[in-house]
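# Examination of the molecular architecture
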Amino acid sequence: MNIVRRNIPNCLTLLNLLAGVMAIICAFRGPEPWWGLKGWEWSAIFIGIGATADFLDGFFARILRAYSELGKELDSLSDLVSFGVAPTLLVFNMLGAAGAEPWLKWCMLVVPAVAALRLARFNIDTRQASFFIGMPVPANAIFWIGFTALILEGAQFLILPVIFLPVMLLEAWLMLSPLKLLSLKFHDYKFHGGNKWRYLLVLGAAVLVFCMGVGGLMWFVVFYLLLSLCIGVEKHG
């Protein structure tokens, strides 16, 4: 295989990684304006860029048949940065600036540790070809982007320990849970089988973001979890 063609997916995976690094840098700028937006907003945008690159690397790997063990490991390392560490530091810095209990932000250290375990387990689990066992780490990042957006829009009750801790622990558990969830990756683009549910998820995300803004991403993840549990992914994956 042509060396350029073979490495297109890996280049996209590295773009995911670099977007995650930029998201971390921006998270530490917090409410400071930077290029017309706040640091937190740029952090969320770069996580979104990472998620797009993560989708595209799988897409091109499939159509170019450019699968490799290197690509698989590189993908997991990049996902840990972009969807484990970056959202953790986004929430960490936001909690500090929002006036949360000083100790509360340190509890977020659970999230990247669990994300690492989730990714390592995924790499050695041959059952997860057509569905996920446990919540995928990109969904974890999407949830926290929506969660922080709601807080910044005025939902200050979310930083109360009695609310935040159970939510954070539930998110961590979901990544390691035995729940079978719908895979978000299309193997083709026909409207059949599991794809009809994937298209429904895309539509749901668009509607929630249109109606609720970025905060709707949190409810999109809730919708994804509920839909997966209702349809039975082993039959529809």
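Below is a short write-up of the structure. (Residues numbered from 1 in each chain as written. Predicted model: local features only at pLDDT ≥ 70, side-chain atom pairs only at ≥ 80, totals over all residues. Heavy atoms only, no water.)

Quick look at the overall build of the protein now. The helix and strand inventory of the protein stands at 9 helices and 4 strands. Reading the secondary structure of the protein in the N-to-C direction produces α-β-β-α-α-α-β-α-α-β-α-α-α. The globule rule puts the C-alpha radius of gyration for 237 residues at 18 Å, and the 18 Å found for the protein is close to it. Taking the principal axes of the C-alpha coordinates as reference, the protein spans close to 55 × 40 × 35 Å. For the protein, with 237 residues in total, the buried portion stands at 48%. (Helix = DSSP H or I, 4+ residues; strand = E, 2+ residues; numbered from the N terminus. Rg over C-alpha atoms; globule rule 2.2 N^0.38 Å. Buried < 20%, exposed > 50% of the residue type's maximum accessible area, 1.4 Å probe, protein only.)

What follows covers the nonpolar core. If you look at soluble globular proteins, the nonpolar side chains tend to sit buried side by side. In this structure, I47, M135, W144, F147, F164 and Y224 are the most contacted members of the largest nonpolar core, which totals 57 residues. Looking at this core element by element, the count peaks at 9 residues for helix α5 (residues 137-152). Once residues lying within four places of it in the same chain are set aside, the contact partners of Y224 are F132, P136, A139, L181, L182, L184 and L201. (Core = buried A, V, L, I, M, F, W, Y, C linked by side-chain atoms within 4.5 Å. Contact = heavy atoms within 4.5 Å.)

Examined against the element boundaries, D54 turns out to sit in helix α2 (residues 39-64). Ignoring any residue separated from it by four or fewer positions in sequence, one finds D54 in contact with N16, D75, D79, F83 and P138.

Geometry of an aromatic ring pair is reported as the spacing of the ring centres plus the angle between the planes. This structure, assessed with the given rule, holds 10 aromatic pairs. Measuring from centroid to centroid gives 5.2 Å for F143 and W144, while their planes differ by 85°, and the two rings are edge-to-face. Given the relative accessible area of 7%, F143 is considered buried. For W144, a relative accessible area of 0% corresponds to the buried category. Members of the aromatic cluster, each reached through a chain of ring pairs, are W34, W35, W42 and F46. Here R29 stacks its cationic end above the ring of W34, 4.4 Å away from the centre of that ring. (Phe/Tyr/Trp six-rings, centres within 6.5 Å; stacked < 30°, edge-to-face > 60°. Lys NZ or Arg CZ within 6 Å of the ring centre and 35° of its normal.)

With 16 residues, helix α8 (residues 216-231) ought to run about 22 Å at 1.5 Å a step, and its terminal C-alpha atoms sit 22 Å apart, in line with that. Within α8, the full set of buried residues consists of G216, L217, M218, F220, V221, Y224, L225, L227, S228 and I231. (Expected span 1.5 Å × (residues − 1).)

Phi at W35 is positive, roughly 55°, even though this residue is not glycine. Tracing the sequence through the fold places W35 in the loop between β1 (33-34) and β2 (37-38).

With that out of the way, let us pick up a nonpolar patch on the surface. A contiguous nonpolar surface patch, about 220 Å² in accessible area, is contributed by L15, I45 and I49. Turning to its location among the elements, L15 is positioned in helix α1 (residues 3-27). (Patch = residues over 30% accessible without salt bridge, like charges linked within 9 Å, V, L, I, M, F, W, Y side chains within 5 Å. Areas by Shrake-Rupley, 256 points an atom, 1.4 Å probe, with all protein chains shown as cover. Salt bridge = Lys/Arg side-chain N within 4 Å of Asp/Glu carboxyl O.)

Here we come to the packing of helix α3 (residues 69-98) against helix α4 (residues 110-124). Two elements in contact, α3 and α4, have axes separated by 9 Å at closest approach and are oriented at 160°. When the axis of α3 is compared with that of α4, the two are roughly antiparallel. The two elements α3 and α4 cross, and the hand of that crossing is right-handed. When α3 is examined against α4, the residues K72, E73, S76, D79, L80, G84, V85 and T88 are found in contact with a partner set consisting of V111, P112, A115, A116, L119 and N123. Class assignment of the residues belonging to the contact of α3 with α4 gives a composition of 7 nonpolar, 4 polar and 3 charged. (Axes fitted to C-alpha atoms, helices over the stretch in contact; angles between N-to-C directions. Parallel < 35°, antiparallel > 145°, perpendicular 65-115°, else oblique. Left-handed = near helix turned anticlockwise from the far one by under 90°. Nonpolar A, V, L, I, M, F, W, Y, C, P; charged D, E, K, R; others polar.)

This next bit is on the environment of L158. Here L158 shows up in the loop between α5 and α6 (161-176). Accessibility expressed as a relative area gives 9% for L158, which makes it buried. As for L158 and W144, which are separated by 14 residues in sequence, their C-alpha atoms are 12 Å apart. Filtering out sequence-adjacent residues up to four positions away, L158 remains in contact with F147, L150, I151, I163 and F164.

Turning to the pattern of salt bridges, a few remarks are in order. What the rule picks out here adds up to 1 salt bridge. Salt-bridge contacts for E32 lead to R29; the nearest nitrogen and oxygen are separated by 3.7 Å. On the basis of relative accessible area, E32 is assigned to the partly exposed category, the value being 41%. For R29, a relative accessible area of 27% corresponds to the partly exposed category.

By the element assignment, D75 lies in helix α3. Judged by relative accessible area, D75 falls into the buried class, the value being 15%. Contact partners of D75, with chain neighbours within four places excluded, come to T13, D54 and D57.

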